[in-house]
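Spelled out, the chains give:
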Amino acid sequence: MLRAAIKYSYVNAKTRTMHSKRLRPSDWHVIEDVKDSQGFIQYLATTFYGPWISPLIQNRKVGPLSFETRIFKSLFHDYHKIHHGLSSQTSKELILALFSRFEGENLKIVLRAIFSGLKKTDVAHLLYPVEEFSKMRLEGLWTQKGIKGIVKLLETTPFGPLLHHALPQFEAQGRLFPLEMAIDISCYRRIATTTEALRGEKDRKEAKKILGSFIDMLNISHIARLRFIYGLSPEEALNYSYPGGNKLHLKELHAIAKAGSPASMLKLLPEPLKTIAKAWEQQDLATIRIGLEEWVLGEIRRAFLGNPFHLGVPIAHLLGKELEIRCLVRLYQAKIQKMSRPATEIVPSLFLKGGEQIVQAS
Amino acid sequence: MNVRNISGALMAVILVLAPSLALAVQPVQDTAGGSAKWGFMGAALAVAGSTIGAGIAVGLVGAAAMGAISERPEVAGRALIFLGLAEGIAIYGLIIAIMILGKI
């Protein structure tokens, strides 16, 4: 305990202070009620997102992407701080692995651009601003004329082996989908490997619990989308699932991939998801996703209760903030498109109501 | 805890205890028939234990305070209060040592 306290006293205090600056239910209610996107940005500029959002107030013609890339910068700033504050190399590796998802997203955008013959300037506004923290440089990729050249150039990166493996599928299918999935899967494999490599038992247990819940949420929505929107076979959908889940392992994933409809898929979920999912049975996939986010947020908030000296706290903060930013982006897009959907259909209610009391009661 | 940490902690204990132990083993002209050396030993242990404890506490609280202050500079005042509380542990040992030495 003393050893863990020495190891985490600094990063735990720093993370909790960062966590305390996140949006409160009162903030959510104000941004839910503002009439237009400009009012949305003006209020958000008064919160701790201010330094990143304020420049958008001057520029009145702001697209959702410009907003998205700016607000994500605050998350990457937190990644940088937490990585800097951790003392153990294995913990730092896990933070880098988590961050590699955003590098992977940028890589997918570059692949799509080169595949469609677009220039760097055409897609620069779509890229996540990862420069502060990332060591991966995408500049070299723009000089390549074909996808094969890019895959060769990426051979030494963590994405290399799976991209190389997916190249024949890309050539056979003539679409980027296998390469995009290879990028995603290599990120989550890296996360699973680095989680297993954590030295402390408590660190490993807490990290597996939080990341596992997050991966479960992704796998459920991912399999549902691949099966019921893109019409992939159960085997293909399963093939593209991510490793490292908490409640859903290969057996459970196989069962839900074989389900004939989203409703029957929800019935096959293991507990406690099965009980929670009863409320979503008549809902569309977007609402199910919000329900899953709600469940993950509950797991994330649990990490802040009890013994504070473990890696679960910084990971929970990073994932919680990521979900918060994704919800803000969704809400902002709804404001731009003047959608009349209530915020409860866009944002998990734990954000809107405040969640500590709910978690403690359960 | 690695060997470096253990040897560092041992060195700290020796540095704190050695002078007091040396003093304790000296022939002392006392009225209680040589029991004064145990008094010196007790005083040394009280100071050593409380100082090491306060050191650990200040290390932990200080690190946490630095983490919190770096994110919210306005909590610096409150963080200093907690640092003072941790530092206070050493004073308890010192008071006990003075009380023991006063009895010799």
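Residues numbered from 1 in each chain as written. Chains lettered and ligands numbered in written order. Predicted model: local features only at pLDDT ≥ 70, side-chain atom pairs only at ≥ 80, totals over all residues.

**Observations regarding the overall build of chain A**
Looking only at helices and strands, chain A features 20 helices and zero strands. In terms of overall size, chain A behaves like a compact globule, its C-alpha atoms giving a radius of gyration of 20 Å where 362 residues would be expected to give roughly 21 Å. Judged by the C-alpha coordinates and their principal axes, chain A covers about 55 × 50 × 50 Å. The 362 residues of chain A split such that 38% are buried. Sequence separation of 24 or more characterises 63% of the internal contacts of chain A that already satisfy a separation of 6 or more. (Helix = DSSP H or I, 4+ residues; strand = E, 2+ residues; numbered from the N terminus. Rg over C-alpha atoms; globule rule 2.2 N^0.38 Å. Buried ≥ 20, exposed ≤ 12 C-beta atoms within 10 Å, placed from the backbone. Contact = placed C-beta atoms within 7 Å.)

**Here's the deal with the overall build of chain B**
Counting its regular elements, chain B contains three helices and zero strands. Its helices and strands in sequence order give chain B the pattern α-α-α, from N to C terminus. The burial tally for chain B puts 14% of its 104 residues in the buried class. Pairs at least 24 apart in sequence give 66% of the contacts found in chain B among residues at least 6 apart.

**Description of the interface of chain A and chain B**
The interface of chain A with chain B comprises 12 residues on the first partner and 11 residues on the second. When residues in the side of chain A that touches chain B are grouped by element, the largest group, 11 residues, is from helix H1 (residues 2-20) of chain A. Considering only residue class, the side of chain A that touches chain B consists of six nonpolar, four polar and two charged. (Nonpolar A, V, L, I, M, F, W, Y, C, P; charged D, E, K, R; others polar.)

**Topic: the nonpolar core**
One broad rule of soluble globular proteins: the nonpolar side chains tend to lie buried together. Residue and element names in this part refer to chain A. In terms of nonpolar packing, the biggest core is built from 96 residues, with Leu163, Ala182, Ile210, Ile223, Val296, Ile315 and Leu319 touching the most fellow members. A per-element tally of this core places helix H18 (residues 312-336) first, with 11 residues. With residues up to four places along the chain from it excluded, the contact list for Ala182 reads Leu162, Leu163, His165 and Ala166. (Core = buried A, V, L, I, M, F, W, Y, C linked by C-beta atoms within 7 Å.)

**Observations concerning the domain arrangement of chain A**
All names here are of chain A. For chain A, the domain assignment lists domain 1 (1-86 + 311-356), domain 2 (89-198) and domain 3 (211-296). Of note, the centres of domain 2 and domain 3, computed from C-alpha atoms alone, are 25 Å apart. In this assembly, seven residues from domain 2 lie in contact with six residues from domain 3. Taken together, the residues of the side of domain 2 that touches domain 3 sort by class into five nonpolar, one polar and one charged. (Domains from an automatic or database assignment.)

**As for the packing of H1(A) against H18(A)**
Residues and elements named next belong to chain A. It is at 9 Å that the axes of H1 and H18 come closest, and there the two elements cross at 25 degrees. Between H1 and H18, the angle is such that the two are roughly parallel. Crossing of H1 against H18: the hand is left-handed. From H1, Val11, Asn12, Thr15, Met18 and His19 reach across to H18, where they touch Val313, Pro314 and His317. Among the residues making up the contact of H1 with H18, the classes are represented as four nonpolar, four polar and no charged. (Axes fitted to C-alpha atoms, helices over the stretch in contact; angles between N-to-C directions. Parallel < 35°, antiparallel > 145°, perpendicular 65-115°, else oblique. Left-handed = near helix turned anticlockwise from the far one by under 90°.)

**Considerations on the confidence of the model for chain A**
All names here are of chain A. With 95% of its residues at a pLDDT of at least 70, chain A reaches an overall mean of 87. Summarising per-element confidence for chain A, the mean pLDDT is lowest in helix H20 (residues 356-361) (46) and highest in helix H11 (residues 177-196) (94). Note that pLDDT drops below 50 for residues 356-362; the model gives that stretch seven contacts with residues more than four away or on any other chain. (pLDDT = per-residue confidence, 0-100.)

**A look at the packing of helix H10 (residues 160-173) of chain A against H11(A)**
Residue and element names in this part refer to chain A. One way to put it is that H10 packs onto H11 with a least axis distance of 7 Å and a crossing angle of 160 degrees. Here H11 runs roughly antiparallel to H10, going by the angle between their axes. Here the hand of the crossing between H10 and H11 comes out right-handed. For the pair formed by H10 and H11, the contact residues are Leu162, Leu163, His165, Ala166, Gln169, Phe170 and Gln173 on the first element and Phe177, Pro178, Leu179, Ala182, Ile183, Ile185 and Ser186 on the second.

**A few points about H11(A)**
With 20 residues, H11(A) should cover 28 Å at 1.5 Å per step; its first-to-last C-alpha distance of 29 Å lies within 8% of that length. Burial analysis of H11(A) places 14 of its 20 residues in the buried class, which makes it a mostly covered element. (Expected span 1.5 Å × (residues − 1).)

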